[in-house]
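Topology and contacts: notes
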Amino acid sequence: MLSYINIQGSSHEVGRQLGEFGAPGVHAFLLTSPDWAYITSFRHDPQVMEMKTRVQQHFPAIWEEIQGLAKGLELDETDVFLWNCRGDIWAMSKDGCTTVQYPQTAQRTERRICHNEDGYPEFNGYCAMARCQVNDSPAFTAFMYPASIPGHTFAVTQAGLAMAVNNLRARHVASGIPRMVLTRALLNQASLEHAVELLQRFPRAGGFHISLAHTGNPNLLSIEFFSSVCSVKIITADQVHANHAIHGDTFNYPQIITGSSGWRQLRGQQMLAEGVSHPLEILADQTHPQFPVYRQQVNDSDHENTLATADMQIGPQGVHWQVYDGPWPAKPLYVFKNADLVSSNI
């Protein structure tokens, strides 16, 4: 079951509460996993230490959140920082996801971001929808993994920013700001313009794809960034995005395209071309026995399962969105407006 938690306080206090929530999952699975051992083996790597210094310098509040997270987890803060750099350190980190993007049109007044959150199957039952209020910043609600800071999955802020994030498996990274720190910082931005400016201004380490919309702006953005490039496209037609770069400026960047990511991209595009009636139908598709869009297999080729699905409708009056813990047409588990919980089916 996907939990709901409501936390508030200073950056350190919010991080600590997130750590206390995530501790059971971390101690049940993560600490004994080969992935944790591999990532934390980089604790003395000069490039990673430079990334740490950059976070402390440019995003001190997020560093305090990481320190609080480590406190709540009862783990070393450097190890927890490294875990939040896992996609910058290791191209094959277990962060998947598929997103469907519907822009505003003459026939459609709202933009829509629909997203499958794919991650470690072992974290099923240990994740949460977390409403976070950090000091006086606008509250946000985000899907949370144990031992991770918010912002690298899907989230909506009280200020009207809606975001869904997909893993990109970069073969080349730099000693910039870790990608999960950058997307955490996006949750503090008041507009699309501020969000894009942040991504373009700071040095980047690894890569992500971000679907981004705001109630005060009619555009729906598709952003792909790596260490040396940040491509921002305005979506003008219905699209699907899996876990590899597809923009003209980025698709030749050194990256890993797994069989699952390649097939999910192709299958989603095929369903759009066939005129699929509902975006969640794409995210629920299990046509391919080995590489389904909605992922539940024990032997998934990337060792990822779909842990939640979000359906966000972004209009001038706010972001109305639903979160599901099963494939469509299941009933939504939670219904939100902006960062506030409207109803729950638990």
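Our subject in this report is the structure included herewith. (Residues numbered from 1 in each chain as written. Predicted model: local features only at pLDDT ≥ 70, side-chain atom pairs only at ≥ 80, totals over all residues. Heavy atoms only, no water.)

**Description of the overall build of the protein**
What counts, and what does not: Secondary structure elements follow DSSP: runs of H or I of four or more residues count as helices, runs of E of two or more count as strands, with numbering from the N terminus. Only C-alpha atoms enter the radius of gyration, while the globule expectation follows 2.2 Å times N to the 0.38, with N the number of residues. Note on exposure labels: buried denotes an accessible area under 20% of the residue type's maximum, exposed denotes more than 50%, and partly exposed covers the range between, all computed with a 1.4 Å probe on protein chains only. In what follows, a contact means two residues having at least one pair of non-hydrogen atoms within 4.5 Å. Throughout, the Shrake-Rupley method with a 1.4 Å probe supplies accessible areas, and for residues the shown protein chains are the sole cover considered. Here Asp and Glu are counted as negative and Lys and Arg as positive; His is not counted, and neither are the chain ends. By convention, the charge on Lys lies at NZ, on Arg at CZ, on Asp at CG and on Glu at CD.
Per the secondary structure count, the protein includes 10 helices and 15 strands. Its C-alpha atoms give the protein a radius of gyration of 18 Å, near enough to 20 Å, the size a compact globule of 346 residues would have. Taking the principal axes of the C-alpha coordinates as reference, the protein spans close to 50 × 40 × 40 Å. Burial statistics for the protein: of 346 residues in total, 62% are counted as buried. Long-range contacts, defined here as pairs at least 24 residues apart, represent 65% of the contacts in the protein between residues at least 6 apart. Within the structure as shown, the protein displays about 12700 Å² of accessible surface, and the carbon and sulfur contribution to it stands at 50%. Charge-centre separation for the protein: the mean point of 23 positive side chains lies 2 Å from the mean point of 32 negative side chains.

**Some remarks on the nonpolar core**
For soluble globular proteins, nonpolar side chains are generally found buried alongside one another. Formally: Throughout this description, the term nonpolar core refers to a set of buried Ala, Val, Leu, Ile, Met, Phe, Trp, Tyr and Cys residues connected via side-chain atoms within 4.5 Å.
Judged by nonpolar contacts, the single largest core of 88 residues is most densely connected at F154, I210 and M312. Tallying contributions element by element places helix α4 (residues 60–73) first for this core, with 6 residues. With 12 residues, the next largest nonpolar core counts C114, V240, M271 and I282 among its residues.

**Overview of the layout of surface pockets**
By rolling a water-sized probe across the atoms, one finds the places where empty space is left. Convention followed: Residues are said to line a cavity or pocket when one of their atoms sits within 4 Å of a point; the points come from a 1 Å grid over protein atoms alone, cavities being sets where a 1.4 Å probe fits but cannot get out and pockets being open sets with protein on both sides within 12 Å along at least five of seven lines. Grid points are joined across faces, edges and corners, and a volume is the space filled by probe spheres set on the points. Residues were grouped as follows: Ala, Val, Leu, Ile, Met, Phe, Trp, Tyr, Cys and Pro as nonpolar; Asp, Glu, Lys and Arg as charged; and all remaining residues, including Gly, as polar.
What the largest pocket holds in volume is close to 200 Å³. Along its surface, the largest pocket is lined by 16 residues, and N124, Y294, T306, L307 and D325 are the ones closest to its centre. Residues that form the lining of the largest pocket fall into these classes: 8 nonpolar, 6 polar and 2 charged.

**Section: empty space enclosed by the protein**
Within the structure shown, the criterion is met by 3 cavities of 30 Å³ or more. By volume, the largest cavity amounts to about 50 Å³. In terms of lining residues, the largest cavity is bounded by D95, G96, C97, E117, H152, V165, N166, N167, R179 and F208. Counting residues per element, the lining of the largest cavity draws most heavily on strand β7 (residues 161–167), which supplies 3 residues.

**Digging into the sheet that holds strand β15 (residues 340–344)**
Applicable threshold: By this definition, two strands are paired if DSSP reports at least two bridges between them. Here an angle of 0 to 180 degrees is reported between the N-to-C directions of two axes, which are lines fitted to C-alpha atoms, with helices fitted over the stretch in contact.
In space, the 7 strands of this open sheet follow the order β11-β2-β3-β12-β13-β14-β15, with antiparallel pairing throughout. One side of each edge strand has no neighbouring strand; the edge strands of this open sheet are β11 (239–241) and β15. Averaged over neighbouring strand pairs, the angle between their axes works out to 15° when direction is ignored. Relative to strand β12 (residues 305–315), strand β3 (residues 111–119) is paired through 9 bridges, and the arrangement is antiparallel. The residue bridging N116 from the neighbouring strand is T309, located in β12. Relative to the sheet, helix α9 (residues 259–273) contacts β2 (98–102), β3 and β11, its axis offset from that of β11 by approximately 165°.

**Some thoughts on the packing of aromatic side chains**
Counted only if it meets this: Classification of ring pairs rests on two measures: the distance between centres of Phe, Tyr or Trp rings, Trp counted by its six-membered ring, which must be within 6.5 Å, and the angle between planes, read as stacked under 30 degrees, edge-to-face over 60 and tilted in between.
This structure, assessed with the given rule, holds 19 aromatic pairs. Taken together, a centroid distance of 5.3 Å and an interplanar angle of 85° make the contact between F29 and F123 edge-to-face. Remark: F123 occurs in the loop between β3 and β4 (128–134) and F29 occurs in the loop between α1 (11–28) and α2 (34–40); sequence separation between them is 94 residues. Using a relative accessible area of 13% as the deciding quantity, one classes F29 as buried.

**Side note on the pairing of strand β8 (residues 208–214)**
Within β8, 7 of the 7 residues are buried, which leaves the element mostly enclosed by the surrounding structure. Neither face of β8 is left uncovered, since the one carrying F208, I210, L212 and H214 and the one carrying H209, S211 and A213 both have all their residues buried. For β7 and β8, the ladder comprises 7 bridges, and the chain directions are antiparallel. Looking at β8, one finds that N167 is bridged to F208. Bridging between β8 and strand β9 (residues 217–225) involves 7 bridges; their strand directions are antiparallel. Directly across from A213, in β9, lies its bridge partner L220. In sequence, β8 turns back onto β9 through a hairpin of 2 residues.

Just geometry here; none of it tells us what the structure is for.
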